[in-house]
Amino acid sequence: MDIQYPLELIGTFVFAISGALAVQDREHDLFGAGFTGFITAIGGGSLRDILLGSYPLVWVGDIWFLYAIFAGIIVTFMFHKPLAKLRKTMFLFDTVGIGFFTILGVEKALSLGVRVEIAAIMGMFSAVMGGVIRDTLTNEIPILFRKEVYASACLTGAIVYLTLNYLTVDRDINMLVSIGIIIAIRVIAVKFKLSLPRLD
Amino acid sequence: MDIQYPLELIGTFVFAISGALAVQDREHDLFGAGFTGFITAIGGGSLRDILLGSYPLVWVGDIWFLYAIFAGIIVTFMFHKPLAKLRKTMFLFDTVGIGFFTILGVEKALSLGVRVEIAAIMGMFSAVMGGVIRDTLTNEIPILFRKEVYASACLTGAIVYLTLNYLTVDRDINMLVSIGIIIAIRVIAVKFKLSLPRLD
Amino acid sequence: MDIQYPLELIGTFVFAISGALAVQDREHDLFGAGFTGFITAIGGGSLRDILLGSYPLVWVGDIWFLYAIFAGIIVTFMFHKPLAKLRKTMFLFDTVGIGFFTILGVEKALSLGVRVEIAAIMGMFSAVMGGVIRDTLTNEIPILFRKEVYASACLTGAIVYLTLNYLTVDRDINMLVSIGIIIAIRVIAVKFKLSLPRLD
């Protein structure tokens, strides 16, 4: 608990940066970039909570998430040039972020009493739907459909977490393992340009 | 009731197939196709229930809907080539599906105590918004705006159902008549390439 | 209160017109235009209420909003040619509309007990998200990202309202001032083609 809350805020901060940076190539003004950062950071968790009927939404009930997002937007405005060059660092941050949010989403869904199958989907949604909404708003083909092993890595990690949880593995170890698997799948897939087969 | 529940599951199954098949021409991997099938199958009913504040969402509360979706996705993965050739059959399935889901959506909205005008809109949303969300995510012009007589057929069927319901027509007969009207409008419109006038 | 309710209905009516007119250049039929008008009119307020968990949604609970939307759609169908020529009048209507809905959104959020930062965001969402959803559905780059000073004018007005409210300024005066500021920013920005800087 002690570590988890600051990690959640850091994850939100990183997601806001990745969202605000995402519009850099296009014709968006500063406000558009900030708005996109905001949507990216809150989108996944908000959709999860709306689908589960869990109110208040995290960022509505705890103002620190909003401050983390503002901080991310301001950092992007000030340092977007060096940040844009740190592609590998940003990729790693994003990858750790989706791993972390997947498992938090799974845990939140479980705490609301839904079945494990639903919890797995909610975990994946928490991690990836912010990016999907961002891409839809900016008229991009959603990341989900482009970077092959993205949401599928999250879903895999969620299933691993739920399996180890069922086997009563210690939670901290379980989180490390399942987040590690998400990161590993994604890093390996990107490094070796692996992708899932198509439907053709 | 006895017939309705399996019919709902079959409808969900068919919607998942039509969603997963929809991405066949584009650059989606298997996961993207499955994700699209999932969104198509749950989108309309979820939006209806979120707008009405009705929790839990159907597929969150009853796991069989998720299994019906998984079955639809797996069937698409295994048989997508023959399925893609069965355009007429798929069209008919989709048409029966939207007719059926329109009336179920109307009934659900009525059961939650909203006015008939709202119930008509909710019925239409149940049937078509899954496809609209699917098309938005895949950067298509939503089906709503392309295939002319689509959502308007659903709205017409919803109004017929509400009218006959007001006249205390037997529910089974009412469902048959109003779903039949949706199917008839859509089949006739497609066969004779009828479309509504434009705003010009 | 006496004035506010008819003003809300008029605002909804105007938003429905602007939404239905928006599809005029494209290949939409009458139903598509009406549907787009409907989404534009309800989108922002519905999103605000869903994010806040406030049920029933305004247009679900009060049928007069639906009638205002229908009236707007019918007026668009009958008079779309002269209306399309009244670009300046429509711009002014839209600008007054977003100013008014921003402040109403702020007030509604405050009445539900959220913090001022959240209320400011909810006010902006109420005003602009209908247009954003409209643009996303019709595959346009959302207005938010095109017309520079749009959502940022709403956010500014919301912050002014909350500041004056904190200083216990009389509500009627506060509304006039903060809506006036939104209108002024937008009119000046469009007249002098001012825009916010970009991230480059």
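Residues numbered from 1 in each chain as written. Chains lettered and ligands numbered in written order. Predicted model: local features only at pLDDT ≥ 70, side-chain atom pairs only at ≥ 80, totals over all residues. Heavy atoms only, no water.

- The name given to chain A in an unreviewed UniProt entry is Glycine transporter domain-containing protein, with Anditalea andensis as the source organism.
- Recorded in UniProt for chain A, the comment headed Subcellular location (unreviewed entry) runs: "Cell membrane".
- Quoted straight from UniProt, the Sequence similarities (unreviewed entry) entry for chain A says "Belongs to the UPF0126 family." (UniProt positions renumbered as here; feature names shortened; annotations may be inferred.)

**Section: empty space enclosed by the protein**
Then step 1. Taken as a whole and judged by the stated rule, the model has one cavity of 30 Å³ or more.
Then step 2. Looking at the largest cavity, it is lined by 39 residues, and the ones nearest its centre are Leu 47 of chain A, Leu 47 and Ile 133 of chain B together with Leu 47 and Ile 133 of chain C.
Then step 3. Only helix 2 (30–52) and helix 6 (116–137) of chain A, helix 2 (30–52) and helix 6 (116–137) of chain B together with helix 2 (30–52) and helix 6 (116–137) of chain C provide two or more residues apiece to the lining of the largest cavity.
Then step 4. Each residue belonging to the lining of the largest cavity can be placed in one class, and the counts come to 30 nonpolar, nine polar and no charged. (1 Å grid on protein atoms, 1.4 Å probe; cavity = no way out; pocket = protein on both sides within 12 Å on 5 of 7 lines; lining within 4 Å. Points joined across faces, edges and corners; volume = space filled by probe spheres on them. Helix = DSSP H or I, 4+ residues; strand = E, 2+ residues; numbered from the N terminus. Nonpolar A, V, L, I, M, F, W, Y, C, P; charged D, E, K, R; others polar.)

**Things to note about the pattern of salt bridges**
Charged atoms that come close allow side chains of opposite charge to pair.
Then step 1. Within this structure, the stated rule accounts for 15 salt bridges over all chains.
Then step 2. With a shortest N-O distance of 2.9 Å, Arg 48 of chain A and Asp 49 of chain A are connected by a salt bridge.
Then step 3. The closest approach of N and O atoms between Asp 135 of chain B and Arg 134 of chain B, which form a salt bridge, is 3.1 Å.
Then step 4. A residue is classified by how much of its surface remains accessible, and Asp 135 of chain B, at 3% relative accessible area, is buried.
Then step 5. Looking at Arg 134 of chain B, the relative accessible area reads 10%, which means it is buried.
Then step 6. Beyond isolated ion pairs, a larger network of salt bridges with shared partners links Arg 48, Asp 49 and Lys 108 of chain A. (Salt bridge = Lys/Arg side-chain N within 4 Å of Asp/Glu carboxyl O. Buried < 20%, exposed > 50% of the residue type's maximum accessible area, 1.4 Å probe, protein only.)

**A look at the packing of helix 8 (residues 151–166) of chain A against helix 9 (residues 171–191) of chain A**
Residue and element names in this part refer to chain A.
Then step 1. Contact pair helix 8 / helix 9: the axes reach a minimum separation of 8 Å and the direction vectors enclose 155 degrees. One element, helix 8, and the other, helix 9, form an angle in the roughly antiparallel class. When the axes of helix 8 and helix 9 are compared, the crossing they make is right-handed. Contacts from Ala 153, Cys 154, Thr 156, Gly 157, Val 160, Tyr 161, Leu 164 and Asn 165 of helix 8 reach helix 9 at Arg 171, Asn 174, Met 175, Val 177, Ser 178, Ile 181, Ile 182 and Ile 185.
Then step 2. Among the residues making up the contact of helix 8 with helix 9, the classes are represented as 10 nonpolar, five polar and one charged. (Axes fitted to C-alpha atoms, helices over the stretch in contact; angles between N-to-C directions. Parallel < 35°, antiparallel > 145°, perpendicular 65-115°, else oblique. Left-handed = near helix turned anticlockwise from the far one by under 90°. Contact = heavy atoms within 4.5 Å.)

**Here we look at the environment of Tyr 55 of chain A**
Then step 1. Mapped onto the elements of the fold, Tyr 55 of chain A is located in the loop between helix 2 and helix 3 (58–61).
Then step 2. Overall, Tyr 55 of chain A belongs to the partly exposed group, its relative accessible area being 28%.
Then step 3. Linking Tyr 55 of chain A and Met 90 of chain A, residues 35 residues apart in sequence, is a C-alpha distance of 31 Å.
Then step 4. Those residues within four positions of Tyr 55 of chain A in sequence are excluded, and the remaining contacts are Ile 50 of chain A, Tyr 55 of chain B together with Ile 50, Leu 51, Leu 52, Gly 53 and Tyr 55 of chain C.
Then step 5. At a separation of 2.7 Å, a polar atom in the side chain of Tyr 55 of chain A contacts the main-chain carbonyl oxygen of Ile 50 of chain C. (Polar contact = N/O pair within 3.5 Å; in protein donor to acceptor, adjacent residues only side chain to side chain.)

**Examining the interface of chain A and chain B**
Then step 1. Listed by partner, the interface residues are 31 residues for chain A and 29 residues for chain B.
Then step 2. At the boundary of chain A with chain B, total buried surface from both sides reaches about 2,700 Å², with 73% on carbon and sulfur atoms.
Then step 3. There are zero salt bridges connecting chain A and chain B.
Then step 4. Here chain A and chain B share three residue pairs in polar contact (both at pLDDT 80 or more) between them.
Then step 5. Sorting the residues of the side of chain A that touches chain B by element identifies helix 2, helix 6, helix 7 (143–146) and helix 8 of chain A as the ones contributing at least two each.
Then step 6. Counting residues per element, the side of chain A that touches chain B draws most heavily on helix 6 of chain A, at nine residues.
Then step 7. Split into classes, the residues belonging to the side of chain A that touches chain B amount to 21 nonpolar, four polar and six charged. (Buried area = accessible area lost by both parts, 1.4 Å probe.)

**As for the relation of the copies chain C and chain A**
Related by rotation about an axis and a shift along that axis, the two copies of the chain form a pair.
Then step 1. Relative to chain A, chain C is turned by 120 degrees and slid 0.0 Å along the rotation axis, the superposed coordinates differing by an RMSD of 0.0 Å. Put plainly, the chains are arranged around a three-fold axis.
Then step 2. With a heterologous cut-off of 20% or less, the 13% of interface residues of chain C that recur at the interface of chain A puts this contact in the heterologous class. (Least-squares fit on C-alpha atoms with pLDDT ≥ 70 in both.)

**Section: the interface of chain C and chain A**
Then step 1. Across the contact, 31 residues belong to chain C and 29 residues belong to chain A.
Then step 2. Where chain C abuts chain A, roughly 2,700 Å² becomes buried across the two surfaces, and 74% of that area is made up of carbon and sulfur atoms.
Then step 3. For the pair chain C and chain A, the interface holds zero salt bridges.
Then step 4. Here chain C and chain A share three residue pairs in polar contact (both at pLDDT 80 or more) between them.
Then step 5. Of all the secondary structure elements, the ones that give two or more residues to the side of chain C that touches chain A are helix 2, helix 6, helix 7 (143–146) and helix 8 (151–166) of chain C.
Then step 6. When its residues are assigned to classes, the side of chain C that touches chain A shows 21 nonpolar, four polar and six charged.

**A look at the packing of helix 2 of chain B against helix 6 of chain B**
All names here are of chain B.
Then step 1. Where helix 2 meets helix 6, the axes come as close as 7 Å, and the angle between the chain directions of the two elements is 135 degrees. With respect to helix 6, the element helix 2 is oriented oblique. The two elements helix 2 and helix 6 cross, and the hand of that crossing is right-handed. Where helix 2 abuts helix 6, its residues Phe 35, Thr 36, Ile 39, Thr 40, Gly 43, Gly 44, Gly 45, Leu 47, Arg 48, Leu 51 and Leu 52 lie against Met 122, Phe 125, Ser 126, Met 129, Gly 130, Gly 131, Ile 133, Arg 134 and Leu 137.
Then step 2. Residues that form the contact of helix 2 with helix 6 fall into these classes: 10 nonpolar, eight polar and two charged.

**Considerations on the environment of Thr 89 of chain B**
Residues and elements named next belong to chain B.
Then step 1. Mapped onto the fold, Thr 89 is located in helix 5 (residues 87–111).
Then step 2. The exposure class of Thr 89 is partly exposed, given its relative accessible area of 35%.
Then step 3. With 92 residues separating them along the chain, Thr 89 and Ile 181 place their C-alpha atoms 19 Å apart.

**Quick word on the nonpolar core**
Then step 1. Grouped together as the largest cluster of nonpolar side chains are 159 residues, with contacts concentrated most on Trp 59 and Phe 125 of chain A, Trp 59 and Phe 125 of chain B together with Trp 59 and Phe 125 of chain C.
Then step 2. Discounting chain neighbours no more than four positions away, the residues touching Trp 59 of chain C are Leu 51, Ile 118, Ile 121 and Met 122 of chain B together with Phe 38, Ile 42, Ser 46, Phe 65 and Leu 66 of chain C. (Core = buried A, V, L, I, M, F, W, Y, C linked by side-chain atoms within 4.5 Å.)

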